[in-house]
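Examination of the molecular architecture
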Amino acid sequence: MTKKEAPAIEKNWQIKDRLYTLVNGKKPLVFTLPSKHTAKRPLLWFDEENNIQRELKYATNQNSPFVDEQNGTATLGRIVIRDGALRVPKENQVLQKLLSLYHPLKDKFYEEYDAVEEAGNEADWIELEIEALNLAKSLDLDQVEAILRVEYGSEVNSRTSKELKRDILLFAKRSPKLLIELANDDNVQLRNFGIKATEAGFIKLSQDQRTFTYGKSDRKLMTVPFDEHPYSALAAFFKTDEGIEVYKAIDKKLK
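Okay, so let's go over this structure. Values in this document were obtained by computation on a predicted structure and should not be read as measured data.

Thoughts on the nonpolar core
Ranked by size, the top nonpolar core spans 23 residues in total, and within it Ile 147, Leu 148, Ile 168, Phe 171 and Leu 179 carry the most contacts. Elements supplying a minimum of two residues to this core: helix 3 (122-138), helix 4 (141-152), helix 5 (161-174) and helix 6 (176-183). The element best represented in this core is helix 6, accounting for 5 residues. Counting residues in hydrophobic clusters, the runner-up holds 21 residues, among them Val 88, Leu 95, Leu 98 and Tyr 110.

What about the sheet that holds strand 10 (residues 219-223)?
Strand order in this open sheet of 3 strands is 8-9-10, and the pairing throughout is antiparallel. The open sheet has two free edges, formed respectively by strand 8 (203-205) and strand 10, since each of these has just one partner strand. This sheet shows a mean twist of 25 degrees between the axes of neighbouring strands, independent of strand direction. Note that strand 9 (residues 211-214) and strand 10 share 4 bridges and pair antiparallel. Considered in strand 10, the bridge of Tyr 214 is made with Arg 219.

Let's talk about the pairing of strand 3 (residues 44-47)
Only one face of strand 3 is buried, namely the one carrying Trp 45 and Asp 47, since none of Leu 44 and Phe 46 on the opposite face is buried. Where strand 3 meets strand 4 (residues 52-55), 4 bridges bridge the pair, whose relative direction is antiparallel. Across the sheet, residue Phe 46 finds its bridge partner in strand 4, namely Gln 53.

Section: the environment of Pro 89
The residue Pro 89 is located in the loop between strand 6 (85-88) and helix 1 (93-102) in this model. Among the residues examined, Pro 89 registers a relative accessible area of 39% and is labelled partly exposed. As for Pro 89 and Lys 27, which are separated by 62 residues in sequence, their C-alpha atoms are 21 Å apart. Dropping the residues within four chain positions of it, Pro 89 is found in contact with Asp 17 and Gln 96.

Digging into helix 6
Most of helix 6 sits inside the fold, with 6 of its 8 residues counted as buried. Every buried residue of helix 6 is accounted for by Pro 176, Leu 178, Leu 179, Ile 180, Leu 182 and Ala 183. Along its buried surface, helix 6 packs onto strand 6, helix 3, helix 4, helix 5 and helix 7 (186-199).

Quick notes on the pattern of salt bridges
Enumeration according to the criterion identifies 20 salt bridges in this entry. Taking the shortest distance from any N to any O, the salt bridge between Arg 149 and Glu 199 comes out at 3.9 Å. Taken together, the residues Arg 149 in helix 4 and Glu 199 in helix 7 connect sequence positions 50 residues apart. By relative accessible area, which is 9% here, Arg 149 ends up buried. A relative accessible area of 46% places Glu 199 in the partly exposed class.

Topic: the packing of aromatic side chains
Counting across every chain of the model gives 10 aromatic pairs. Between Trp 45 and Tyr 102 the ring centres are 4.9 Å apart and the planes differ by 75 degrees, which places this aromatic pair in the edge-to-face class. Of this pair, Trp 45 sits in strand 3 while Tyr 102 sits in helix 1, and the two are 57 residues apart along the sequence. With respect to burial, Trp 45 and Tyr 102 carry one shared label: buried. Between Phe 212 and Tyr 231, the aromatic rings sit 5.7 Å apart at their centres with planes inclined by 65 degrees, giving edge-to-face as the arrangement. Placement of the pair is Phe 212 in strand 9 and Tyr 231 in helix 8 (residues 230-237), with a sequence separation of 19 residues. Considered together, Phe 212 and Tyr 231 belong to a single accessibility category, that of buried residues. An aromatic cluster is present here, built from Phe 193, Phe 237, Phe 238 and Tyr 247 joined pairwise through their rings. If you follow Arg 18 out to its NZ or CZ, it ends over the ring of Trp 13, 3.8 Å from the centre. Stacked on the ring of Phe 66, the Lys or Arg Arg 54 has its end atom at 3.8 Å from the ring centre.

The rules behind the values
- Residues numbered from 1 in each chain as written.
- Predicted model: local features only at pLDDT ≥ 70, side-chain atom pairs only at ≥ 80, totals over all residues.
- Heavy atoms only, no water.
- Core = buried A, V, L, I, M, F, W, Y, C linked by side-chain atoms within 4.5 Å.
- Buried < 20%, exposed > 50% of the residue type's maximum accessible area, 1.4 Å probe, protein only.
- Helix = DSSP H or I, 4+ residues; strand = E, 2+ residues; numbered from the N terminus.
- Pairing = 2+ DSSP bridges.
- Axes fitted to C-alpha atoms, helices over the stretch in contact; angles between N-to-C directions.
- Contact = heavy atoms within 4.5 Å.
- Salt bridge = Lys/Arg side-chain N within 4 Å of Asp/Glu carboxyl O.
- Phe/Tyr/Trp six-rings, centres within 6.5 Å; stacked < 30°, edge-to-face > 60°.
- Lys NZ or Arg CZ within 6 Å of the ring centre and 35° of its normal.

As structure tokens, then:
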């Protein structure tokens, strides 16, 4: 269909990278926002200029979030917020505009992160950035790997120590508040430890990702609770009396 004139709400739109966070500081492992309209979960935006409800859909192969402006077969995209945050690069204008301007759940379940507003003023933001950079420089390599694994996943395994040090400084500059939070979150370190222990073969995760076993005897360590990420559950296990002993034993082998 022919693209209509952009709504007035887009008049002062700026092209830039954007960060979206869940409200009230919530950080579930995964939170999915609706990306298409259904009877059960309406995804509509009221166009006050034309007095009509316009249907929304996030399609990765389209240039507009409005269904009435999309052409051909639309490829539906998912909107997944992980660990309470979703970064959307400036190249993905469709998703940015959907989330910043039109999505009915904005400011109810999530909000657009405003660095200036969050820091209070530019001076505070610069001080926060400096604090994060100094913290990033003081982290040992295991801590750096744990934090970057949140951002890049298993990609960190193939990076050299110099690349990891570079990436943590870039991360500190880009998202200083998030880096400081992650650096002080012991679950981040424990999840990374669990992943490394599994990759090294000291711990095994069953194919259905429901059970962790330990050692050559495949002794059962724990059952992963329903709807919980296995490595988050393992991190919690490492805080128990039995888990502390297992952690110490594996730590010696990993060194």
